Amino acid sequence: MNYQKRLFYLITGSVLLRIFSASTQELSNVEAYYWALATKLQWNYFDHPPIVAWLIRITTLNMALHNEVFVRLGAILSSAVCTWLMFRIGSALYNARAGWFAALFYATSIYSGMSIAAFILPDSPQMVFWLASIFTLIKIVRRNPAEPQFGRQWLLFGLFAGLSVMCKVHGILLWTGAAMYLLFYNRAALKNKYIFMAMGITLIIVSPMIIWNIQHDFITYRFHSSRVNIAGPPIDVSRFLKQFSAIVFSTGPIHFVLICAGVYAAIRGKLIAGKNELRMLLMCSLPLIIIVWLISLFNEVLPHWPGPAFSTLLLLPAVQLAARVENSKKGMHGVLKFSVAYLVLIVILGVLSVNYFPGTLSTEKQGMKTGADDGTLDMYGWKQAGMKFDSLRRMDVAMKAMPAQAPIVIADWITAAHIDYYIGEPAGVETWGLGDAYSLHQYYWMNAYKRPLLKGESAYLVIPSNLFSFKNFNRVTGEFSDYNFALIFPGYRSGVICKEYYVVRLYGYTGTLAR
């Protein structure tokens, strides 16, 4: 059976499905935020290492292509590479059939097949380096430390692991897994100088990120440590169960059950694959899952946090299934067909709910908070708002109601990124952040690259009702001597109001928060 040909069709079909999804939905707030990071490249940012911003800078051709597909193109291409890597790793663990099943499992998981494949996240490029690291470690455990290739593979692992950390900090757990394997199963290899040289390579790669944090009082780690603190908060079982369910959905219910079965079989020694390879897979994956679940007992976690670990563990059911259908001529097992259908269904439902659900899913149907807590509105309505604002601004400038250089003031990163991408950039208007680093994230430092907001000047404030906050509204208006509502307009979805936008003219900046 020609699995290479099947793999080509799988990758091509997956890419087309992701382009369809990416082209029919506006950017989420985090995607727009990563786009904003790409406008000014740094060695590190407030909340993430830099590679996701670098990737967006490349796929948008140095920010020249202002389109959702090009912002997300890095994720789409990264996922194609990851699908190929899963095929290679699965083939190395057992045979080409296992590689084919591994690629199918990866391409049809909600997390790896859609969440980080059609939408740009730091996980998108990280999975390339994460899987490349895993593949390299599989090769390492098969070699004798005396072989020349043993040392070279360790150096390659140091490179891939370092690049993984430069996508998301938890990439360091790859080294944790490798170290645990060496301590438990191959202590003699610890005498090999190439392992320490590989550590040095990883350290050199991540050193710019470390230096940036030293210069900024380790604010990245202070921010993330506040999110994962387990010392103070009490255990919340109901929240844990809710977050556990979200993680299962993010992985894919079918995939999650198969992963559990695969892990159980691996631990019991029931999988037909090398013991050392399976040990390495488990030690590079389980720590991240255990850490996230431990944190979720005390704090909110995001369902994609353990995604790299669960995606790696998809190799186990792939091997298990390949061994079970060894003599079958079928290229796709029934459970895999169901997984493909499930993913396609989720994509279609996602596109339809975001773009065509009448009105809002929120209980807030009118008033200042119309659409609150409706997640589908995160990627809908911003283009409408951008056109409305541009028309108002042009009229204001023509009527001399506002100066042409008046920026849009932002008070939190969540609304700032959408305003930046869909309203400010098309209208040629800068955004100016008022607030602290924990409210503005990287926008706190971005004022330094823009024309300063001077005392006495005017500005705009744009607020969508689904994200309306009296705290932010009062924080901003309190820094100006006067303000008025210039425009209040509804956003429609399928002919029904889903949210409103409030555009406020701000006059006489007091200058107390200017830096």
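Keep in mind that what you see is a predicted model, and the values were worked out from it rather than measured.

Engineer: A description of the overall build of the protein chain should follow, citing residues and the corresponding values.
Structural biologist: Helix and strand counts for the protein chain stand at 22 helices and 5 strands. Whereas a compact globule of 515 residues would reach a radius of gyration of roughly 24 Å, the protein chain reaches 25 Å, a difference of no more than 12%. Considering only C-alpha atoms, the protein chain reaches an extent of 75 × 50 × 45 Å along its principal axes. With 515 residues in all, the protein chain has 56% of them scored as buried. Within the protein chain, contacts between residues at least 6 apart in sequence are counted, and of these 76% link residues at least 24 apart.

Engineer: Give a detailed account of the sheet that holds strand S3 (residues 459–464), specifying residues and quantitative values.
Structural biologist: The strand order across the open sheet formed by 5 strands is S2-S1-S3-S5-S4, and the pairing between neighbours is mixed. Across the chains shown, the open sheet's two edge strands, defined by having one partner strand only, are strand S2 (431–433) and strand S4 (480–493). Within the sheet, the average angular offset between the axes of one strand and its neighbour, ignoring direction, is 30°. Where strand S1 (residues 408–410) meets S3, 2 bridges bridge the pair, whose relative direction is parallel. Residue valine 409 lies in a different strand from S3, and its bridge partner there is leucine 461. In the packing of helix H19 (residues 413–427) onto the sheet, the strands contacted are S1, S2 and S3, and the crossing angle to S1 comes to about 160°.

Engineer: Explain unusual backbone geometry residue by residue, including any values.
Structural biologist: The phi dihedral of leucine 61 is positive, around 50°, even though this residue is not glycine. Relative to the elements of secondary structure, leucine 61 occurs in the loop between helix H3 (51–59) and helix H4 (68–93). Among the residues examined, leucine 61 registers a relative accessible area of 55% and is labelled exposed. Despite not being glycine, methionine 63 shows a phi value in the positive range, around 75°. On the secondary structure map, methionine 63 appears in the loop between H3 and H4.

Engineer: Could you give me a rundown of the nonpolar core, with the residues and numbers involved?
Structural biologist: One finds Phe101, Leu131, Trp154, Phe157, Leu316, Phe389 and Tyr443 to be the most contacted residues of the largest nonpolar core, which totals 135 residues. By residue number, the principal contributor to this core is helix H7 (residues 123–141), which donates 12 residues. Apart from residues lying up to four places away in sequence, tryptophan 154 is in contact with Leu137, Ile140, Trp175, Ala178, Leu182, Tyr194, Ile195 and Ala198. Core analysis: the next-biggest nonpolar cluster, separate from the first, contains 16 residues, Val409, Leu434, Leu453 and Phe468 among them.

Engineer: Please set out the pattern of salt bridges residue by residue, giving values where relevant.
Structural biologist: Considering all chains together, one arrives at 10 salt bridges under this definition. With its nearest N and O atoms 2.5 Å apart, the salt bridge here joins glutamate 277 to arginine 142. Highlighted residues: glutamate 277 in helix H14 (residues 275–296) and arginine 142 in the loop between H7 and helix H8 (148–165), separated in sequence by 135 residues. The exposure class of arginine 142 is partly exposed, given its relative accessible area of 43%. Put simply, arginine 493 and aspartate 374 hold a salt bridge, and the shortest N to O gap is 3.4 Å. With a gap of 119 residues between them, arginine 493 in strand S4 and aspartate 374 in the loop between helix H17 (334–356) and helix H18 (382–398) connect regions that are remote in the sequence. Assigned by exposure class, arginine 493 and aspartate 374 land together as buried.

Engineer: Can you explain a nonpolar patch on the surface? Please cite residues and give values.
Structural biologist: Taken together, Met368, Phe470, Tyr483, Phe485 and Ile488 make up a surface patch of nonpolar side chains, about 470 Å² in accessible area. Ranked by residues supplied to the nonpolar patch, first place goes to S4 with 3 residues. Among the residues examined, methionine 368 registers a relative accessible area of 32% and is labelled partly exposed.

Engineer: Account for the side chain of glutamine 126, with residues named and values stated.
Structural biologist: Along the chain, the position of glutamine 126 falls in helix H7. Among the polar contacts made by the side chain of glutamine 126, one reaches the side chain of histidine 170 at a distance of 3.1 Å. If we ignore the near neighbours within four places in the chain, the residues touching glutamine 126 are Ser164, Cys167, Lys168, His170, Gly171 and Pro308.

Engineer: With reference to specific residues and values, describe the packing of helix H5 (residues 96–108) against helix H16 (residues 315–324).
Structural biologist: One way to put it is that H5 packs onto H16 with a least axis distance of 8 Å and a crossing angle of 135°. Taken together, the axes of H5 and H16 are oblique relative to one another. Judged by the sense of rotation from one axis to the other, the crossing of H5 with H16 is right-handed. Every residue of H16 that contacts H5 at Arg97, Ala98, Phe101, Ala102 and Phe105 is listed here: Leu315, Pro317, Ala318, Val319, Leu321 and Ala322. Residue composition of the contact of H5 with H16, grouped by class: 10 nonpolar, no polar and 1 charged.

Engineer: Describe in detail the environment of leucine 302, supporting the description with residues and values.
Structural biologist: With respect to the helices and strands, the residue leucine 302 is situated in the loop between H14 and helix H15 (307–313). The exposure class assigned to leucine 302 is partly exposed, which follows from its relative accessible area of 35%. Residues leucine 302 and alanine 53, 249 residues apart in the sequence, show an inter-C-alpha distance of 20 Å.

Engineer: Help me get a handle on the pairing of S4, residues and values and all.
Structural biologist: In this structure, S4 lies alongside strand S5 (residues 496–509), joined through 12 bridges in antiparallel fashion. Its bridge partner being in S5, phenylalanine 485 is matched across the sheet by valine 504. The antiparallel pairing of S4 with S5 creates a hairpin that spans 2 residues between the two strands, and serine 494 there sits at a positive phi of about 55°.

Engineer: Describe the environment of leucine 65, listing the residues and the values that go with them.
Structural biologist: With respect to the helices and strands, the residue leucine 65 is situated in the loop between H3 and H4. Given the relative accessible area of 26%, leucine 65 is considered partly exposed. When the C-alpha positions of leucine 65 and glycine 151 are compared, they lie 43 Å apart, and in sequence the two are 86 residues distant. Every residue in contact with leucine 65, bar those within four places of it in the chain, is listed here: Thr59, Thr60 and Phe70.

Cut-offs and rules
- Residues numbered from 1 in each chain as written.
- Predicted model: local features only at pLDDT ≥ 70, side-chain atom pairs only at ≥ 80, totals over all residues.
- Heavy atoms only, no water.
- Helix = DSSP H or I, 4+ residues; strand = E, 2+ residues; numbered from the N terminus.
- Rg over C-alpha atoms; globule rule 2.2 N^0.38 Å.
- Buried < 20%, exposed > 50% of the residue type's maximum accessible area, 1.4 Å probe, protein only.
- Contact = heavy atoms within 4.5 Å.
- Pairing = 2+ DSSP bridges.
- Axes fitted to C-alpha atoms, helices over the stretch in contact; angles between N-to-C directions.
- Core = buried A, V, L, I, M, F, W, Y, C linked by side-chain atoms within 4.5 Å.
- Salt bridge = Lys/Arg side-chain N within 4 Å of Asp/Glu carboxyl O.
- Patch = residues over 30% accessible without salt bridge, like charges linked within 9 Å, V, L, I, M, F, W, Y side chains within 5 Å.
- Areas by Shrake-Rupley, 256 points an atom, 1.4 Å probe, with all protein chains shown as cover.
- Polar contact = N/O pair within 3.5 Å; in protein donor to acceptor, adjacent residues only side chain to side chain.
- Parallel < 35°, antiparallel > 145°, perpendicular 65-115°, else oblique.
- Left-handed = near helix turned anticlockwise from the far one by under 90°.
- Nonpolar A, V, L, I, M, F, W, Y, C, P; charged D, E, K, R; others polar.

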